[in-house]
Each structure stands twice: as structure tokens, then as C-alpha cells.
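Examination of the molecular architecture
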Amino acid sequence: MSILVAGGAGYIGSHMVARLVEQGQDVVVVDNLSTGHRKAINAQAKFYEGDVRDRKFLDSVFDSEDIDAVVHFAAFSIVPESMEKPLKYFDNNTGGMITLLEAMHDHDVKKIVFSSTAATYGVPESIPIKETDPQEPINPYGESKLLMEKMMHWADVAYGIRFVALRYFNVAGAKPDGTIGEDHGPETHLVPIIMQVAQGKRDELSIFGDDYDTPDGTNVRDYVHVMDLADAHILALKYLAEGNDSRAFNLGSSTGFSNKQMLEAAREVTGQPIPAKLAPRRPGDPDSLVAESKNAREILGWKPQFDDVHDIIKTAWQWHSTHPNGYDDRQA
Ligand code: UFG
């Protein structure tokens, strides 16, 4: 039987596909290539190009393949974009989940691992954030994913589709062998932008705000390596295969790094000066987001291999410095 990876051409999805293939698993990738890259899809996975909102397309995939479980990465994930285009997020993310769950129900597929996010918590009441803390998103991206979590809950109650929602904090890094990595167009995330400045592709980093309620005034985030994240998904599939109940897990390192600290760490790793300037706050940014990830460690048995941001940045630098134009497949 195969694992269907929706969004398997994207940044995190492609690392998951690579890990599954390494473990000898049959993998079917579904992706509309709106933000993903054909070249990022592992050659041993079977690829269907199409959209998760397209019911006929999904039915044809489920009819053709023997799918055991779904891992769902096919969503938009840029916080500032979601502030400007909220309906784009509800359409693709939330709407896509409706179609996917309906197709799973009709084809008797009963397990799903879902890319949720720290953005579902909004402004946390206390740090580190626990899975049981209130979920009150402050941006449409977080809201779209919270609705997706709720839909899975009710699909479980009604149809017995069990789920694991993995609430990621800030994902960074690349596969250490340098074959796949992060390539968004346009890029908005802190680590790849810092890498682009280090490469000389951008003049400087703009640090969005230094008057937040944090030790150095810049936002604090919890960075997780993309391969550690892929491993957590594999453990979540095992958790569901063992018949366990649906639930959510935070995935973070439990240590926060400020934007200024990330910049300093990147200067050390790359040996480049990486010029930076202060810029106004970006809408939708909470002061600090740091996870309590005890449950993922204790219940799933997750053991992240990259617990130092320098090591995470090192793999990102390896990818960016060897792929200055990313996958180099964008339309002119
Ligand atoms: N930042 C800058 N300058 C930049 C880019 C980012 O200062 O050029 C700052 C942001 O303001 C923020 C921090 O770097 O303070 C991290 O920003 P990212 O855009 O890299 O990541 P976000 O924290 O906004 O969001 C990421 C994921 C979301 C997820 C969230 C949870 O993109 O999907 O982490 O922590 F929900």
C-alpha cells in the first residue's frame, strides 16, 4: 500500500517524500505545482499533477492507487500574504481539506497526518505553548489551519477518519546531502532571506520591528530542522497505524531564538557580513512563539537530531550556496 503525500513537491513535503522513499515506502505525490517544484519530487515517487480542491482529480488518484494513509502538506503558508488575501487561504487550505476528507471517506482511507501550525495559537498566554492552550489565531493563515483541524475532528467523529495534527513552529534547513531544499518565489521566510543576503542576491536583511516584548525587542521563534519534521510525520503515521486516537502535537525545539540571534548565528556559519537594517513591524507577527514539544517526544518517540540553530543554518547554507537559483524552474 502507498502513502499519499499531498503537496509533495513543496519544501516540507519533498523532504517527507525523500524520507519515506529512503525507508522503502511506496509514495504517491499529489501537487498542483503552484508553489512546489517538479524537480523537488523524489524520482521514486509516483506523481499526479492536480489540485486537492478538484474532486474528480482526487477520485481518479484514489481509484488508481491503493492508498493506506494521507499526509497533507498542500496549503499556502505565508502569514503576511494571508493578511492581504485571506480568502485565498480559506479557499485553498480550508476548501482543499473538505474535498480531501470527502474523497478519503468515499474511498475508505481512514488515516491522515496534517501540517498544522503554531499560528493556530495566536498570541500565546504563556511560553512555552502547550497543545491544550487556547487556539485564537491572529492571522487568516492560522485561522484557515485551525478550521482544518476542526474539520478533521468532526470527520473522525462521523466517519472514523483518525488524524494527527502536527503544529509546526519555524521550519528551516535542508536535506544534508544537498539534493533538496527551500525555494519559495517570492521568498518571505527569515532563514532563506538571510541566506540570500549572505549569497549577495539581496543587499541586506530588513528586521521587522525591534520593539516587541522580548529580550532584544525582535520576535522570538522556535526553529526545527525540516528532516526532524519529516521524521515526526513518519512517527505519526506509525502512531495511527497502531490504532491510537486522533490528537495534535507541537513540533519545536523548546528553545526560542530572536531574529537578531538568528542573524548573528548565520554570520558565524557563513562567515559573511550579512548587512541588516531595522524596518517597521510586519502585520500578524506575535512577539514570541516557542513550543512545548514534550508530547511528541514522549508519545511519538520523536528525537530531533538538529538541536542547535547553527547546525540548522549550516544545512540551509549548504543548499543555498550550491543552488543559487533554487530549482531554477520558474517561468520567465
Ligand atoms: N522576518 C524579518 N525579516 C524578513 C523576514 C522575516 O525580520 O525579511 C522576521 C519576521 O517578522 C518574524 C521572523 O522573522 O519575526 C520569522 O518570520 P518567517 O516569515 O520566517 O516565519 P513566521 O514566524 O512568520 O511563520 C512561520 C511559518 C508559518 C508558521 C509560523 C509558526 O511560515 O507557517 O512560522 O511559528 F505558522
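In this report, the structure presented in the accompanying data block is examined.

Rules and cut-offs
- Within every chain, residues take consecutive numbers counted from 1 along the sequence as written.
- Per-residue local features are limited, in this predicted model, to residues with pLDDT of at least 70; the limit for side-chain atom pairs, both in listing and counting, is 80 or more; totals at the level of whole chains, interfaces and linings are taken over all residues.
- Note that the side-chain values use all heavy atoms of the structure and ignore hydrogens as well as water.
- If even one non-hydrogen atom of a residue comes within 4 Å of a molecule or strand, that residue is called near it.
- A 3.5 Å cut-off defines polar contacts: any pair of N or O atoms within that distance qualifies, except that in protein one atom must be a possible hydrogen donor and the other a possible acceptor, and neighbouring residues in sequence count only when both atoms are side-chain atoms.
- To measure how exposed things are, a 1.4 Å probe is used in the Shrake-Rupley method; for residues, cover is taken only from the protein chains shown.
- Pairing between strands requires that DSSP locate at least two bridges from one strand to the other.
- Put simply, DSSP marks the helices as runs of H or I at least four residues long and the strands as runs of E at least two long, and each gets a number from the N terminus on.
- Fitted lines through C-alpha atoms give the axes, limited to the stretch in contact for helices. The angle between two N-to-C directions lies from 0 to 180 degrees.
- In what follows, residue pairs with any heavy atoms lying within 4.5 Å of each other are defined as contacts.

Points about the site of the ligand
- As a matter of local geometry, the ligand sits amid 21 residues, with Thr117, Asn170, Asn219, Arg282 and Asp285 nearest to it.
- One of the backbone N or O atoms of serine 77 is found 3.4 Å from an oxygen atom in the ligand.
- Taking tyrosine 141, its side chain carries an N or O atom lying 3.1 Å from an oxygen atom of the ligand.
- For the ligand, whose accessible area on its own is 680 Å², the fraction buried by protein is 94%.

Focus on the sheet that holds strand β4 (residues 67-72)
- The strand order across the open sheet formed by 7 strands is β3-β2-β1-β4-β5-β6-β11, and the pairing between neighbours is parallel. Here the strands that pair on one side only, and so sit at the sheet edges, are β3 (46-49) and β11 (247-251). Averaged over neighbouring strand pairs, the angle between their axes works out to 20° when direction is ignored.
- Bridge analysis of strand β1 (residues 2-6) against β4 gives 5 bridges, and the strand direction is parallel. Bridge pairing in β4 places leucine 4 opposite valine 70.
- This element, helix α2 (residues 55-64), spans β1, β2 (26-31), β3 and β4 of the sheet and lies at about 160° to β3.
- Strand contacts of helix α5 (residues 140-159): β4, β5 (111-117) and β6 (162-168), with the helix running at about 155° to β5, the strand carrying the most contacts.

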